[in-house]
Amino acid sequence: MLHLLGVNLPDQKLVQYALPLFYGIGQKTALKVLATLSIHKTCKIADLSEPQVNQLSTLLSDMKIESDLRKQIRANIMHHRSIGSYVGRRHAMGLPVRGQNTKNNAKTARRLNGRWLKSEKREYSSSTRSIIPSTDSPFESFFNRKWF
């Protein structure tokens, strides 16, 4: 088993089917990498020579994959949420983001988009403001806001 950039690649798999084990690499990207490094499609991981493994690792280290890609996606979602865009609000509510119907089927979106919301709920504050209730009524706080 080849351990490359934190991912274990099985020796018996073809290289084109082993590369998608990296987060952020699909079939098309795997075929492009094989063409760039001039590795045949039927080559297995065990058949790679040491220079080919080194070339593969340098090429993959230049790409944004695994934790770097996850951090970028998380940062993009948090950016949308912080600016208050429609996409950010849908992520915050755990609803589908790209215009799908929500009448019947939104279970997957609630599961995936809701995880960003759950991580924020676990934070606890030790301030006394949360313990002591506010003396202002909701109407007073609304009318006392500075609108301009």
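Reading guide: rules and limits
Residues numbered from 1 in each chain as written. Predicted model: local features only at pLDDT ≥ 70, side-chain atom pairs only at ≥ 80, totals over all residues. Heavy atoms only, no water. 1 Å grid on protein atoms, 1.4 Å probe; cavity = no way out; pocket = protein on both sides within 12 Å on 5 of 7 lines; lining within 4 Å. Points joined across faces, edges and corners; volume = space filled by probe spheres on them. Helix = DSSP H or I, 4+ residues; strand = E, 2+ residues; numbered from the N terminus. Nonpolar A, V, L, I, M, F, W, Y, C, P; charged D, E, K, R; others polar. Salt bridge = Lys/Arg side-chain N within 4 Å of Asp/Glu carboxyl O. Expected span 1.5 Å × (residues − 1). Buried < 20%, exposed > 50% of the residue type's maximum accessible area, 1.4 Å probe, protein only. Arc of directions from axis to C-beta. Contact = heavy atoms within 4.5 Å.

A. Just the layout of surface pockets, in detail. If you add up the space inside the largest pocket, you get close to 250 Å³. Looking at the largest pocket, the residues that line it are Ile 77, His 80, Val 87, His 91, Pro 96, Val 97, Arg 98, Gln 100, Thr 108, Ala 109, Leu 112 and Asn 113. Put simply, the parts of the chain that give the lining of the largest pocket at least two residues each are helix H4 (67-83), helix H5 (86-93) and helix H6 (107-121). Considering each element in turn, the lining of the largest pocket owes the most residues, four residues, to H6. Its residues assigned to classes, the lining of the largest pocket comprises six nonpolar, five polar and one charged.

B. Inspection of the pattern of salt bridges at higher detail. Tallied over the entire structure, the rule returns one salt bridge. The closest approach of N and O atoms between Glu 66 and Arg 70, which form a salt bridge, is 3.5 Å.

C. Fine view of helix H3 (residues 50-62). Helix length check: H3 (13 residues) gives 19 Å between terminal C-alpha atoms against 18 Å at 1.5 Å per residue, within 8%. Taken together, the buried positions of H3 are occupied by Val 53, Leu 56, Ser 57 and Leu 60. Each buried residue of H3 sits inside an arc of 100° when the element is viewed along its axis, so together they form one side. Those residues of H3 that are exposed and angled more than 90 degrees off the buried face are Pro 51 and Asp 62. At its buried positions, H3 is contacted by strand S1 (2-4) and helix H2 (27-37).

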